[in-house]
Amino acid sequence: MAKFISVEEAVAMIPDGASIMVGGFMGCRNPHKIIDALSKSGKGNFTMICNDGAKPAGPTGEEYYGVAKLIHNHQVKHLVATHVGLNPEVGEQMNDGSMKVDLIPQGSFAEMIRAGGAGLGGVLTPTGVGTIIEDNKEFTHSVQEIDGKKYLLMRPIRADFALISGFKVDRVGNVWYKGATRNFALAMATAADVVIVEADNIVETGEIEPENVMTPGVIVDYVVDGGSI
Amino acid sequence: MDKENIKSYIVARAAKELKDGDVVNLGIGMPTMIPSFLPENVRVTVQAENGLMGVVPCTEESLEHSLYSVDAGATPVKVAPGGCYFDSTVSFGLIRGGHVDVTVLGALEVDEKGNLSNWIIPGKKLPGMGGAMDLVVGAKKVIVTMEHTQKGEPKILKNCRLPLTALNCVDLIITEMGVIEVTEEGLKLVEINPEYTPEQVQKATEARLIISENLKPMV
């Protein structure tokens, strides 16, 4: 059963150099309260596995939106992402050598995280065949030919922590996501040693009907109250 | 034609490629403009790779949509009645699994084998591929919309020079000069903007063009 903790307790758990998966898309529903506290923690050297580098300027007047705060503060030494064009600081830090950036096709990225959490040894995908993705041996195991068709065998991805944002979280940690905010969260919640969910709303158990639970509470380790929006 | 006219000319032509009932994925920029150019009897379902089906624009300012419902370009959007949301593994299962009929996207370079480059200019620009590599491999039809040249330099080449997005993936190229099909024999100019001659189009194209016997005006 998930344990309810403060944002300070959550951040205290994350050491320097941790690998961290962060849910959300272009900053939308990054777990903003945890990321904000992490950005002020002085910790760093993180490997961040997140679809993107978010972007400067959020919709409620933030100077840096979501994970862009961690990048701006030079707390990320390695970013594993699919698209970083909306945050110019990613390109700058990559070019000046202060951050390593690995770009992975988005569908492969999602499925590699799923494989990491689902006990699979890898993912065979036609995506990336004949491109420089073949050469990134940290993430691409090999090119395989199966029944006459070429595939890339992509390695599974796991992390020390997954930080995700849920709209409703009940007392046992079951999560319901609103709108388009599910994206990578379902896979990430299975693929990290410690899963922390930031809840926009904490609800009584039973309020999310069993059929509508999207991430089962049994795999959620900690819940942080994100405060109702 | 000025920049804006070029864009709407290309987009209006691209809109004609979509059929009633198609499930489509539209890239950032010109492709996103396509729905407003569709005739009333052509209704398509727009998929977004971050987990939306039935995307429609958000006409009013809405913080709620900014916080919970953005498309793959981070623009706040809604889902039309009948649409739905899903996670990224389902979304890309739909994309790779051939459940998206058409994807329309921009390009830095396309070559005569239908190879596409549109995600990185090494040392200069690092946008990343996002969902593009999966989309062009998985969608049933891949349409590139782009300006024919970049600062006067051809973008339709014999061989792509930039890192590839995928091999042999492009079906159709639509520019302000014409419509080009990628065929086994090479690139075939099938429609032409009446403002240009086939010779002018060839001059702006590095790859050799086969001029269709039924070359039609592009409208």
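A short tour of the structure in this document, coming up. (Residues numbered from 1 in each chain as written. Chains lettered and ligands numbered in written order. Predicted model: local features only at pLDDT ≥ 70, side-chain atom pairs only at ≥ 80, totals over all residues.)

Taken together, the contact pairs 39 residues of chain A with 33 residues of chain B. The set of elements that each furnish at least two residues to the side of chain A that touches chain B consists of α4 (88-95), α5 (106-118) and α6 (185-188) of chain A. Of the residues forming the side of chain A that touches chain B, the biggest block, five residues, is contributed by α5 of chain A. Its residues placed into classes, the side of chain A that touches chain B shows 19 nonpolar, 14 polar and six charged. (Contact = placed C-beta atoms within 7 Å. Helix = DSSP H or I, 4+ residues; strand = E, 2+ residues; numbered from the N terminus. Nonpolar A, V, L, I, M, F, W, Y, C, P; charged D, E, K, R; others polar.)

Turning our eyes to something else, we now look at the nonpolar core. Ranked by size, the top nonpolar core spans 135 residues in total, and within it Ile20, Met21, Met48, Ile113, Ala162 and Met188 of chain A together with Val136 of chain B carry the most contacts. The leading source of residues in this core is strand β11 (residues 159-170) of chain A, at seven residues. With residues near it in sequence (within four places) discarded, Ile20 of chain A still touches Ile14, Phe46, Met48, Ile49, Ala159, Asp160, Phe161 and Leu163 of chain A. (Core = buried A, V, L, I, M, F, W, Y, C linked by C-beta atoms within 7 Å. Buried ≥ 20, exposed ≤ 12 C-beta atoms within 10 Å, placed from the backbone.)

Let us now look at the sheet that holds strand β13 (residues 178-183) of chain B. All names here are of chain B. One open sheet holds the 10 strands; their spatial order is β4-β3-β2-β1-β5-β8-β12-β13-β14-β15, and the pairing between them is mixed. If you trace the sheet from one side to the other, it starts and ends with β4 (77-85) and β15 (209-217), each paired once. Across this sheet, the average inter-strand angle for adjacent strands is 30°, counted without regard to direction. Against the sheet, helix α1 (residues 3-15) engages β5 (102-105), β8 (141-145), β12 (172-174) and β13, with an angle of about 165° to β8. (Pairing = 2+ DSSP bridges. Axes fitted to C-alpha atoms, helices over the stretch in contact; angles between N-to-C directions.)

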